[in-house]
Amino acid sequence: MPQYDFSHDVDRSGTNAIKWTMFGEDVLPMWVADTEFGAPPAVMEALRQRLEHPVFGYQADMPALRETLARRLAARYDWQVDPAWILLMPGLVAGLNIVTHTVGEAGDGVLMTPPIYPPFMHATTNFGLEVQHAALAARSDGHILRYELDFDALERAVTPRSKLLLLCNPHNPTGRVFTLDELTRLAAFAEQHDLIVCSDEIHAELVYTGSQHIPLAKIAPELASRMITLYAPSKTFNIPGLGSASAIVQDEALRNKLRMTGFHFGMISNALGYVAAEAAYREGDEWLAALMTHLEGNRDFVVEYVAAHMPGVSVTRPEATYLAWMDFRAVGLEDPFKFFLKEAKVALTNGTDCGPGGAGFARLNFGCSRAMLTQALEQMSTALGNREKVC
């Protein structure tokens, strides 16, 4: 396997990166979910070749990308997808908005499982739909947090106005990879309540040893007429700024409705994004394997560091993603985002942005070098220690 270097962070100054410009040069940005690593060599080479052509006009469909993705889904998950089921979209968040705008009307309810990726809520309220929260069930084993689908909470949250279930699997921010049993029960719940299901599976390829991603659409054929799967290379291969995603929709009528709404939003638009996605899916696996080894080491380092140096703090041990969800309530932090930004010069994702129950929590992005991760954790630990001395 070629050697890939994940021990050094790429200098991103001058790239207009929101992650590095939001809070100032003296703040370590451990918040927004992109990583500090360059894209795979295959992606860079494909982009260089495309840049040899001087015209970047409006894009038509890209059959090669749809076919490559279909083969990849079959190889990784034994999920047989017809390339005709795949709609290309300009990003996953755009996909969430297209879905909610297509299937819901003002006043309809949208079920989701907080803590949750904030754009889930935004995509719902953007079009006057009602957010219906069914919080994940949390349990703690020492300093380790674990979350599971709470089916009692789902039954309490669903109403006759409920139209759509937004699932995030693997889950952001908790890092859960839902089991076959959980997904089977969820499919039965959706069928019972006549819900359209949109499953955000953007982190599907960032799964650690001991877990296996299962596409909901694969194991729930009864949902074929009401199932939308959103998939994208952006988190896996660190190309979110290139804007490429896919909606996998078996039902032709539902697919055509999404296509018409999507064209209204300029769905087919990014020449470079689609070129990068096809190259990543086709030639990026060796790079990805090396990345996962590095990220798994970082994941374990976070868990071990918190146990050793942050008494009273709990953290998830993610089964996927490069995101750790941290609970600071036991050490008396009501707003850890504000505290660590001011006292540690570390920017985290504010837990309150992730829905009900997020107060006292924060999300940490460990998709970086071990040196940068260590520095951030040390600054956080020092700030907590200084706070205890004052108290």
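Above this text is the structure in question.
Residues numbered from 1 in each chain as written. Predicted model: local features only at pLDDT ≥ 70, side-chain atom pairs only at ≥ 80, totals over all residues. Heavy atoms only, no water.

> Any chance you could break down the overall build of the protein chain for me, citing the residues and the numbers?
Of the regular secondary structure elements, the protein chain holds 14 helices and 15 strands. Computed over its C-alpha atoms, the radius of gyration of the protein chain comes to 21 Å, within 12% of the 21 Å expected for a compact globule of 391 residues. Along the first, second and third principal axes, the C-alpha atoms of the protein chain reach 65 × 55 × 35 Å. Burial statistics for the protein chain: of 391 residues in total, 57% are counted as buried. As displayed, the protein chain has an accessible area near 16,200 Å², and 52% of this comes from carbon and sulfur atoms. With 32 positive and 46 negative side-chain charges, the protein chain shows a separation of 1 Å between the mean positions of the two kinds. (Helix = DSSP H or I, 4+ residues; strand = E, 2+ residues; numbered from the N terminus. Rg over C-alpha atoms; globule rule 2.2 N^0.38 Å. Buried < 20%, exposed > 50% of the residue type's maximum accessible area, 1.4 Å probe, protein only. Areas by Shrake-Rupley, 256 points an atom, 1.4 Å probe, with all protein chains shown as cover. Lys, Arg positive; Asp, Glu negative; His and termini not counted. Charge placed at Lys NZ, Arg CZ, Asp CG, Glu CD.)

> Please give an account of the pairing of strand β10 (residues 245-248) that cites residues and values.
Along a regular strand, successive side chains alternate from one face of the sheet to the other. Neither face of β10 is open: one carries A245 and A247, the other S246 and I248, and all of them are buried. Of the strand pairs in this sheet, strand β2 (residues 86-89) and β10 are connected by four bridges, and their pairing is antiparallel. Bridge pairing links L88 to S246 in β10. (Pairing = 2+ DSSP bridges.)

> Quick rundown of the packing of helix α3 (residues 63-77) against helix α11 (residues 271-283)? Include the residues and the values.
Interaxial distance between α3 and α11 falls to 9 Å at its minimum, and their mutual angle equals 30°. With respect to α11, the element α3 is oriented roughly parallel. Once α3 is placed against α11, the crossing between them reads as left-handed. Contacts between α3 and α11 involve A64, L65, T68, L69 and R72 on the former and, on the latter, Y274, A277, E278, A280, Y281 and R282. Its residues placed into classes, the contact of α3 with α11 shows seven nonpolar, one polar and three charged. (Axes fitted to C-alpha atoms, helices over the stretch in contact; angles between N-to-C directions. Parallel < 35°, antiparallel > 145°, perpendicular 65-115°, else oblique. Left-handed = near helix turned anticlockwise from the far one by under 90°. Contact = heavy atoms within 4.5 Å. Nonpolar A, V, L, I, M, F, W, Y, C, P; charged D, E, K, R; others polar.)

> Explain the layout of surface pockets to me, and be specific about the residues and the numbers.
Over the atoms rolls a probe the size of a water molecule, and in doing so it shows where empty space is left. In this model, the largest pocket occupies a volume close to 1,100 Å³. Contributing to the lining of the largest pocket are 50 residues, with R12, D34, N238, P240 and G241 lying nearest its centre. Taken together, the residues that form the lining of the largest pocket break down as 27 nonpolar, 14 polar and nine charged. Space inside the second largest pocket adds up to approximately 190 Å³. Lining the second largest pocket are 15 residues, with W79, W85, A217, K218 and Q250 sitting closest to its centre. Elements supplying a minimum of two residues to the lining of the second largest pocket: α8 (216-219) and β9 (227-231). Per-class residue counts for the lining of the second largest pocket are ten nonpolar, three polar and two charged. (1 Å grid on protein atoms, 1.4 Å probe; cavity = no way out; pocket = protein on both sides within 12 Å on 5 of 7 lines; lining within 4 Å. Points joined across faces, edges and corners; volume = space filled by probe spheres on them.)

> So what about the environment of D26? Which residues, and what values?
Within the element layout of this structure, D26 appears in the loop between α1 (18-21) and β1 (28-29). Distance from D26 to K345, taken between C-alpha atoms, is 6.7 Å for residues 319 residues apart in sequence. Only 3.4 Å separates the side chain of D26 from the side chain of K345, close enough to count as a polar contact. (Polar contact = N/O pair within 3.5 Å; in protein donor to acceptor, adjacent residues only side chain to side chain.)

> Tell me about unusual backbone geometry, residues and numbers included.
The omega angle of the peptide bond from P114 to P115 is 0°, so this bond is cis rather than trans. Take P115: it is sitting in the loop between β3 (109-112) and α5 (119-125). Between N172 and P173 the backbone carries a cis peptide bond, its omega angle lying at 25°. Checked against the element boundaries, P173 lands in the loop between β7 (162-168) and α7 (180-192). The phi torsion at D78 lies on the positive side, around 55°, for a residue other than glycine. On the secondary structure map, D78 appears in the loop between α3 and β2.

> Could you give an account of the environment of D150, naming the residues involved and the relevant values?
Mapped onto the fold, D150 is located in the loop between β6 (144-148) and α6 (151-157). Excluding residues within four positions of it along the chain, D150 makes contact with A135, L136 and A137. Within polar-contact distance, the side chain of D150 engages the backbone nitrogen of D152 at 3.1 Å.

> Which residues make up the nonpolar core, and what values do they have?
Of all hydrophobic cores here, the largest spans 68 residues; its most connected members are L364 and M380. It is helix α12 (residues 285-309) that contributes the most residues to this core, eleven residues altogether. (Core = buried A, V, L, I, M, F, W, Y, C linked by side-chain atoms within 4.5 Å.)

> If you had to explain helix α4 (residues 92-103) to someone new, which residues and values would you point to?
Taking 1.5 Å as the rise per residue, α4 with twelve residues should run 16 Å; its terminal C-alpha atoms sit 16 Å apart, in good agreement. With nine of its twelve residues buried, α4 lies for the most part within the structure. (Expected span 1.5 Å × (residues − 1).)

> Explain the pairing of β6 to me, using residue names and the numbers behind them.
Alternating positions in β6 separate cleanly, L145 and Y147 being buried on one face and I144, R146 and E148 remaining unburied on the opposite face. Note that strand β5 (residues 137-141) and β6 share five bridges and pair antiparallel. Looking across to β6, one finds that D141 is bridged to I144. Joining the antiparallel neighbours β5 and β6 is a turn of two residues, in which G142 adopts a positive phi near 70°. For β6 and strand β11 (residues 314-316), the ladder comprises two bridges, and the chain directions are parallel. Within β11, the residue paired with L145 across the bridge is T316.

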